[in-house]
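Read off the chains here:
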Amino acid sequence: VLFSRGMSWNGKSFNVQSGTGINQFESRIGEHQSKREHTFDFRVERSRLLPNDDEQGHAALSGSSCIALDYSPYQSPISLWKTMRDEVRVVPLPSTASGSDCQLMIGIGSMAWSGSVWNGSPFCLWRSSSTSSSTTE
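Residues numbered from 1 in each chain as written. Predicted model: local features only at pLDDT ≥ 70, side-chain atom pairs only at ≥ 80, totals over all residues. Heavy atoms only, no water.

Here we look at the packing of aromatic side chains
- Within this structure, the stated rule accounts for 4 aromatic pairs.
- Ring plane angle 65° and centroid distance 5.5 Å describe the contact between Phe14 and Phe40, whose orientation is recorded as edge-to-face. Placement of the pair is Phe14 in strand β1 (residues 7-15) and Phe40 in strand β3 (residues 34-46), with a sequence separation of 26 residues.
- Between Phe14 and Phe42 the ring centres are 5.2 Å apart and the planes differ by 85°, which places this aromatic pair in the edge-to-face class. Residue Phe14 is located in strand β1, and its partner Phe42 is located in strand β3; the two are separated by 28 residues in the primary sequence.
- According to the relative accessible area criterion, Phe14 is partly exposed, its value standing at 22%.
- Connected via pairs of aromatic rings, a cluster forms that spans Phe14, Phe40, Phe42 and Tyr71.
- The side chain of Lys12 reaches across the aromatic face of Phe123, ending 5.2 Å from its centre. (Phe/Tyr/Trp six-rings, centres within 6.5 Å; stacked < 30°, edge-to-face > 60°. Helix = DSSP H or I, 4+ residues; strand = E, 2+ residues; numbered from the N terminus. Buried < 20%, exposed > 50% of the residue type's maximum accessible area, 1.4 Å probe, protein only. Lys NZ or Arg CZ within 6 Å of the ring centre and 35° of its normal.)

Concerning the pairing of strand β5 (residues 84-91)
- One ladder, built from 4 bridges, connects strand β4 (residues 65-70) with β5; its direction is antiparallel. Of the residues in β5, the one forming a bridge with Asp70 is Arg85.
- Bridging between β5 and strand β6 (residues 102-111) involves 8 bridges; their strand directions are antiparallel. By the bridge assignment, Val91 is partnered in β6 with Leu104. (Pairing = 2+ DSSP bridges.)

With respect to the pattern of salt bridges
- Enumeration over the complete set of coordinates arrives at 6 salt bridges.
- Across the pair Arg43 and Asp70 runs a salt bridge whose closest N-O atoms are separated by 3.4 Å. With a gap of 27 residues between them, Arg43 in strand β3 and Asp70 in strand β4 connect regions that are remote in the sequence.
- By relative accessible area, which is 37% here, Arg43 ends up partly exposed.
- Linked by salt bridges that have partners in common, Arg43, Glu45, Asp70, Arg85, Glu87 and Arg89 make up one network. (Salt bridge = Lys/Arg side-chain N within 4 Å of Asp/Glu carboxyl O.)

Notes on the environment of Tyr74
- Within the secondary structure layout, Tyr74 lies in the loop between β4 and β5.
- Classification of Tyr74 as partly exposed rests on a relative accessible area of 37%.
- When the C-alpha positions of Tyr74 and Thr39 are compared, they lie 6.4 Å apart, and in sequence the two are 35 residues distant.
- Beyond its immediate sequence surroundings of up to four residues, Tyr74 is in contact with Thr20, Thr39, Phe40 and Asp41.
- Of the polar contacts made by the side chain of Tyr74, one reaches the side chain of Asp41; its length is 2.5 Å. (Contact = heavy atoms within 4.5 Å. Polar contact = N/O pair within 3.5 Å; in protein donor to acceptor, adjacent residues only side chain to side chain.)

Rendered as structure tokens:
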């Protein structure tokens, strides 16, 4: 497990008002425990995976913008995780017949020292209208 010994990653929580989020983990063995760690800031910005600029140098809305998750403000200067960055995109889904809405996000997590987005780890987040945080599926 990348972040937390003895724990499995179980998604992310986002706070839209503050522009911050945090990773969620659950224990893999023994008693059920969960914890939250590895805070990040998030904002919309140009993708490092698909840098498609318009004539003025801005990220075009044709798919090169992403929700960028930046962990660096919450890591020590010598932390291996200092260069951690996730890029996330929202995948539009139709409403279900039962009326419950679901949101799907796909992402790629990467670190500059290991090849950045060109050597990233893909992940998926989903949230139904009945949950308050995004989790993995």
